[in-house]
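Secondary and tertiary structure notes
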Amino acid sequence: MSGRLQGKVALVTGGARGIGLSIAKALAAADARVAVVDILADTAQAAAAELSGTGNQGFSCNVADPEAVQGALSSIEENVGPVDILINNAGITRDNLLMRMKNEDFDEVIAVNLKGAFNFTRAAARGMMKRRDGVIINIASVVGLIGNPGQTNYAASKAGLIGMTKSVARELASRGVRCNAVAPGFISTPMTDALSEDQKIALKGRIPLGTLGTPDDVASAVMFLVGPDARYITGQVLSVDGGMAM
Ligand code: NAP
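Here we come to the overall build of the protein chain. A count of helical and extended segments in the protein chain gives nine helices and seven strands. The C-alpha atoms of the protein chain give 17 Å as radius of gyration, which agrees with the globular expectation for 246 residues (18 Å, within 12%). Counting every position in the protein chain, which comprises 246 residues, the buried fraction comes to 48%. Considering only residue pairs separated by 6 or more positions, the protein chain has 70% of its internal contacts joining residues 24 or more positions apart.

Structure (C-alpha cells):
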C-alpha cells in the first residue's frame, strides 16, 4: 500500500474518530497527505497527529454550513494542497419511531449527512474538474438500501446520498472525476460493543456472514475505490455489510 497515493491530497470529513479515522489512517499509510475535518478543532488536530507520514493537518468545520465548508476548503488547499480525494464520511443519527420523530431531528440528519456531503462535493469538485482528476467517496449505509425502523431520517439521508453519488458521477465523468459510495452494514463501534450478549446475537442473526464488520473493513473498500485499480468504476455503491443487502 505504501507509496500508492504519494503526492495526493485527501480530505476526510468526520475523520477524528470511528470509520473516518480508519480511512484517514489508511490514506496516510498509502502516503497521501490527509486533511482531517471534524466539528471540533482539537479532536481533528489530535487525529491528524496520529496519522503516519508528514503534511497531515486537522481542520474544524461543520459540514452542514456551506460558508464554513468553503472557508475550510480554501484553508486546506492553501495549507495541505489541492484536494484530489474527498471522503464524505461525517454522519449523525437522531433515531426515533416515525410518529415520535421531531422536525428538528429529521432536518438535522439531512443537513449533516446529505447536505454536508453536497457542500464539500460542490466546493472540492471545482478544482478537481479544472485539473481533470479527482475521486469522491460518499459513506452511505446499508440502511439507505434496505431501510430500518426508527431511522426514517437517517435512511432518507443515506438513500439521498446514493442518488447524489450517481448524479455527480454522471455529471463529472467527462471531467475525469469519479464518484462512488460505500455502504457499510453493522460496524463494530463503542456503541455496538455496549450491547448486551442477547442483543449482539440478534444483530449477528441478521448478517449472512454472521459477524459485525470493523472500521478497517470499510477503509479497505475505500482504498480500493480511490486507487488506480478502480479507474474504470464510477457511480457505484460498494456494500461492506457481510451480505445484508444483496
Ligand atoms: P462516529 O464515530 O460518530 O464519527 C463521526 C464523526 O463525524 C465524529 O468525529 C463527529 O464529531 C463528526 N461529525 C458529526 N457531525 C459533524 C458535522 N456536522 N461536521 C463535521 N463533523 C461532524 O461515526 P462512525 O460510526 O464512524 O460513522 C462514520 C460514517 O459511517 C457515518 O456517515 C455513518 O452514518 C456511516 N455508517 C456507520 C455505520 C456504523 O455501524 N458505525 C454503519 C453504516 C454507516 P463529534 O463526535 O465531535 O460529534
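Between helix α3 (residues 66–79) and helix α4 (residues 103–131), the shortest axis-to-axis distance is 9 Å and the interhelical angle comes to 40 degrees. It follows from the interaxial angle that α3 and α4 lie oblique. Note on packing geometry: the crossing formed by α3 with α4 is right-handed. Residues P66, V69, Q70, A72, L73 and E77 of α3 form the contact with α4, whose own contacting residues are K115, N119, F120, R122, A123, A124 and R131.

This brings us to the sheet that holds strand β7 (residues 237–240). Strand order in the open sheet formed by seven strands is β3-β2-β1-β4-β5-β6-β7, with parallel pairing between adjacent strands. Both edges of this open sheet fall to β3 (57–60) and β7, since each of them pairs with a single strand only. Taking each pair of neighbouring strands and ignoring which way they run, the sheet shows an average axis angle of 20 degrees. Packed on one face of the sheet, α4 meets β1 (9–13), β2 (33–38), β4 (85–88), β5 (134–139) and β6 (177–184) and runs near 175 degrees to β4. Most of the contacts of helix α9 (residues 215–226) go to β6, to which it runs at about 165 degrees, and overall it touches β4, β5, β6 and β7.

Right, let's talk about the site of the ligand for a bit. Surrounding the ligand, one finds 23 residues, the nearest of these being R17, I19, D38, N89 and Y154. The backbone of I39 places a nitrogen or oxygen atom 3.4 Å from a nitrogen atom of the ligand. Backbone polar atom of C61 to a nitrogen atom of the ligand: 3.4 Å apart, as the coordinates give it. Within the complex, the protein chains bury 82% of what would otherwise be the 900 Å² of accessible surface of the ligand. Listed by contribution, the elements that provide at least two residues to the shell around the ligand are α1 (18–29) and α6 (152–172).

Reading guide: rules and limits
- Residues numbered from 1 in each chain as written.
- Predicted model: local features only at pLDDT ≥ 70, side-chain atom pairs only at ≥ 80, totals over all residues.
- Heavy atoms only, no water.
- Helix = DSSP H or I, 4+ residues; strand = E, 2+ residues; numbered from the N terminus.
- Rg over C-alpha atoms; globule rule 2.2 N^0.38 Å.
- Buried < 20%, exposed > 50% of the residue type's maximum accessible area, 1.4 Å probe, protein only.
- Contact = heavy atoms within 4.5 Å.
- Axes fitted to C-alpha atoms, helices over the stretch in contact; angles between N-to-C directions.
- Parallel < 35°, antiparallel > 145°, perpendicular 65-115°, else oblique.
- Left-handed = near helix turned anticlockwise from the far one by under 90°.
- Pairing = 2+ DSSP bridges.
- Near = heavy atom within 4 Å.
- Polar contact = N/O pair within 3.5 Å; in protein donor to acceptor, adjacent residues only side chain to side chain.
- Areas by Shrake-Rupley, 256 points an atom, 1.4 Å probe, with all protein chains shown as cover.

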